Amino acid sequence: MNDLYYTETGERADIAASIVPNPPHGYIGTKLLPITPMGEKSGTIYYATLPDDEPADTTRTAGSAPQSTQLTTSNTTFTCTELSRRASIAPDEAKSYGGIDKADEVGAKSAVRSVMNAQEALIAAATLGKAASATFDAAKFFEIAQGALTTVRLYSGKTVLYGAAVTIKKAVQALLADKTFGPVLSRTISGTTNAVAAAGLNEQAWYSALALLMGVDEVLPGDDTIWAAGALAGKIGLAKIDDGANPLSHKWEPVLGKTFQFLPDGSSPFVIQAIADRVNVNNHYDCYSWVDVQVLNTGANYTFDGI
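Everything numeric here is computed off the predicted structure, so don't read it as measured data.

Engineer: Please give an account of the overall build of the protein that cites residues and values.
Structural biologist: Secondary structure summary: the protein contains ten helices and 13 strands in total. For the C-alpha atoms alone, the extent of the protein along its principal axes is close to 85 × 65 × 35 Å. In the protein, the proportion of contacts linking residues at least 24 apart, taken out of those at least 6 apart, comes to 85%. Total accessible area on the protein stands at roughly 15400 Å², and carbon and sulfur atoms take up 51% of it.

Engineer: Describe the sheet that holds strand 6 (residues 134–135), and please don't skip the residues or the numbers.
Structural biologist: An order of 6-13-9-7-8 is seen for the five strands of this open sheet, with the pairing classed as mixed. The open sheet terminates on both sides in strands that have one partner only, identified here as strand 6 and strand 8 (218–222). As defined by bridge partners, strand 6 adjoins strand 13 (residues 301–305) across two bridges and the pair is classed as parallel. Residue pairing in the sheet places Ala134 in a bridge with Phe304 of strand 13. In the packing of helix 5 (residues 141–152) onto the sheet, the strands contacted are strand 6, strand 7 (158–164), strand 9 (236–241) and strand 13, and the crossing angle to strand 13 comes to about 160°. Sitting on the sheet, helix 9 (residues 203–214) touches strand 7, strand 8 and strand 9, and the angle it makes with strand 8 is about 135°.

Engineer: Lay out the nonpolar core in plain terms, naming residues and giving numbers.
Structural biologist: Counting 33 residues, the largest nonpolar core has Leu32, Val112, Tyr162, Leu220, Trp227 and Ile241 as its most contacted members. At the level of elements, strand 5 (81–89), helix 4 (100–127), strand 7, helix 10 (224–227), strand 9 and strand 12 (282–295) are the ones that each hand at least two residues to this core. It is helix 4 that provides the largest number of residues to this core, a total of seven residues.

Engineer: Before we move on, can you summarise the packing of helix 6 (residues 165–177) against helix 9 with the specific residues and values?
Structural biologist: Where helix 6 meets helix 9, the axes come as close as 11 Å, and the angle between the chain directions of the two elements is 65°. Regarding the angle of helix 6 to helix 9, the classification is roughly perpendicular. The chirality of how helix 6 crosses helix 9 is left-handed. Along the contact surface, helix 6 presents Ala165, Ile168, Lys169, Val172, Gln173 and Leu175, while helix 9 presents Glu203, Trp206, Tyr207 and Leu210. Here the residues of the contact of helix 6 with helix 9 sort into seven nonpolar, one polar and two charged.

Engineer: Just give me the short version of helix 5, but keep the residues and values in it.
Structural biologist: The first and last C-alpha atoms of helix 5 sit 17 Å apart over twelve residues, in line with the 16 Å expected at 1.5 Å per residue. All buried positions along helix 5 are accounted for by Phe141, Phe142, Ile144, Ala145, Ala148, Leu149 and Val152. Projection of helix 5 onto a plane perpendicular to its axis shows the buried side chains occupying an angular sector of 155°, all on one side. Taken together, the buried residues of helix 5 touch strand 6, strand 7, helix 6, helix 9, strand 9 and strand 13.

Engineer: Report on helix 6, specifying residues and quantitative values.
Structural biologist: Taking 1.5 Å of rise per residue, 13 residues should cover 18 Å, and helix 6 covers 19 Å from first to last C-alpha, within 8% of that figure. Of the residues making up helix 6, those classed as buried are Ala165, Thr167, Ile168, Ala171, Val172 and Leu175.

Engineer: Mind laying out the pairing of strand 2 (residues 35–38), listing which residues take part and the relevant values?
Structural biologist: Sheet faces and side chains relate simply in a regular strand, where the side chains alternate between the two faces. Covered by surrounding structure in strand 2 are Thr36 and Met38 only, the residues Ile35 and Pro37 on the alternate face being uncovered. Strand direction decides the pairing type here: strand 2 and strand 10 (residues 257–262), joined by four bridges, are parallel. For Pro37, the partnering residue across the bridge sits in strand 10 and is Gln261.

Engineer: Would you mind going over the layout of surface pockets in detail, with residue names and values included?
Structural biologist: By volume, the largest pocket is sized at about 170 Å³. Around the largest pocket, the lining residues are Ala48, Thr49, Leu50, Pro51, Asp52, Glu54, Thr69, Leu71, Thr72, Thr73, Lys251 and Trp252. In terms of residue class, the lining of the largest pocket is built from five nonpolar, four polar and three charged.

Engineer: So what about unusual backbone geometry? Which residues, and what values?
Structural biologist: Its identity is not glycine, yet Val281 carries a phi of approximately 55°, on the positive side. Positionally, Val281 belongs in the loop between strand 11 (271–277) and strand 12. With relative accessibility at 37%, the residue Val281 sits in the partly exposed group.

Engineer: Would you mind going over the packing of aromatic side chains in detail, with residue names and values included?
Structural biologist: Applying the stated criterion to the full structure yields nine aromatic pairs. When the centroid spacing of 4.9 Å and the interplanar angle of 55° are considered together, the rings of Phe136 and Phe141 count as tilted. There is no split in this pair, since Phe136 and Phe141 are both buried. Considering the side-chain rings of Tyr302 and Phe304, the 5.3 Å spacing of their centres and the 55° angle between planes classify their relative orientation as tilted. Taking the relative accessible area as the measure of exposure, Tyr302 reaches 13% and is therefore buried. Given a relative accessible area of 0%, Phe304 falls into the buried group. Positioned over the ring face of Tyr6 is Arg278, at 4.3 Å from the centre of the ring.

Engineer: Give me the pairing of strand 12: which residues, what numbers.
Structural biologist: Here strand 12 lies mainly inside the structure; twelve of its 14 residues are buried. Sheet topology note: the strand 11/strand 12 ladder contains seven bridges and is antiparallel. When the bridges of strand 12 are listed, Val271 appears paired with Tyr288. The hairpin formed by strand 11 and strand 12 contains four residues between the paired strands, and Val281 there has a positive phi angle of roughly 55°.

Here is what the cut-offs are and how they apply
- Residues numbered from 1 in each chain as written.
- Predicted model: local features only at pLDDT ≥ 70, side-chain atom pairs only at ≥ 80, totals over all residues.
- Heavy atoms only, no water.
- Helix = DSSP H or I, 4+ residues; strand = E, 2+ residues; numbered from the N terminus.
- Contact = heavy atoms within 4.5 Å.
- Areas by Shrake-Rupley, 256 points an atom, 1.4 Å probe, with all protein chains shown as cover.
- Pairing = 2+ DSSP bridges.
- Axes fitted to C-alpha atoms, helices over the stretch in contact; angles between N-to-C directions.
- Core = buried A, V, L, I, M, F, W, Y, C linked by side-chain atoms within 4.5 Å.
- Buried < 20%, exposed > 50% of the residue type's maximum accessible area, 1.4 Å probe, protein only.
- Parallel < 35°, antiparallel > 145°, perpendicular 65-115°, else oblique.
- Left-handed = near helix turned anticlockwise from the far one by under 90°.
- Nonpolar A, V, L, I, M, F, W, Y, C, P; charged D, E, K, R; others polar.
- Expected span 1.5 Å × (residues − 1).
- Arc of directions from axis to C-beta.
- 1 Å grid on protein atoms, 1.4 Å probe; cavity = no way out; pocket = protein on both sides within 12 Å on 5 of 7 lines; lining within 4 Å.
- Points joined across faces, edges and corners; volume = space filled by probe spheres on them.
- Phe/Tyr/Trp six-rings, centres within 6.5 Å; stacked < 30°, edge-to-face > 60°.
- Lys NZ or Arg CZ within 6 Å of the ring centre and 35° of its normal.

Structure (structure tokens):
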């Protein structure tokens, strides 16, 4: 078999840099539960919870200290489990793909997608899988949404509405059909000029209008095959999420949660290995990732079902 159609054996960070694995919305999981890189696969983490508001002391006498509330962190253990997948392309197929460079991209992308889909499913189950706090009702949805916003308001981060793209669209369609909120949402989407009305046909315009009327910062539409699978079908969530700027923010801020990820080299979110298998006349592409998905403050997450 021609040497030109065997891959280069070894870790292939060069392939990983070129992969965009899940258009059009990408993966929203690590926006909800940002990655915290870990140097070990297991251990103990300490995190902040939402302290109870205590009444101010109105009876302090001179020479005495005010009444005190002792604040402490909580802790839990984590264990990063391996997610892995191999994709294989025979040398003769590498030629059919247009050469080994293109075959490398195709094989690595397939392996990465499998691993990333698994990670996304873990996050979806941990967040949207929470028992529903309310049932969707188009006629009362904004009232219910306000109750959700009040529930999560003291947690840290920005407010998002999240779920499968198809489920969010169904919610928008139900709201448009409501005689009270339908005209308001429709006008928000379409505006008052022809140009704005045409732009309203864009999917993002629906999300922006819904975010504006609900009072959330952003709408995060997820992959339907993951976020509407099984028991998650017909559900959306409203949550306060950390921006992920500081991987240790959970230590002092009551955030929803984190994706604790073991990074063998300290930087790459996953490892891609390419293997030229001359014994079995094949090219193999392996992807590995080690994660533990942790919801630390479940009160920062509010879910709706019945859509």
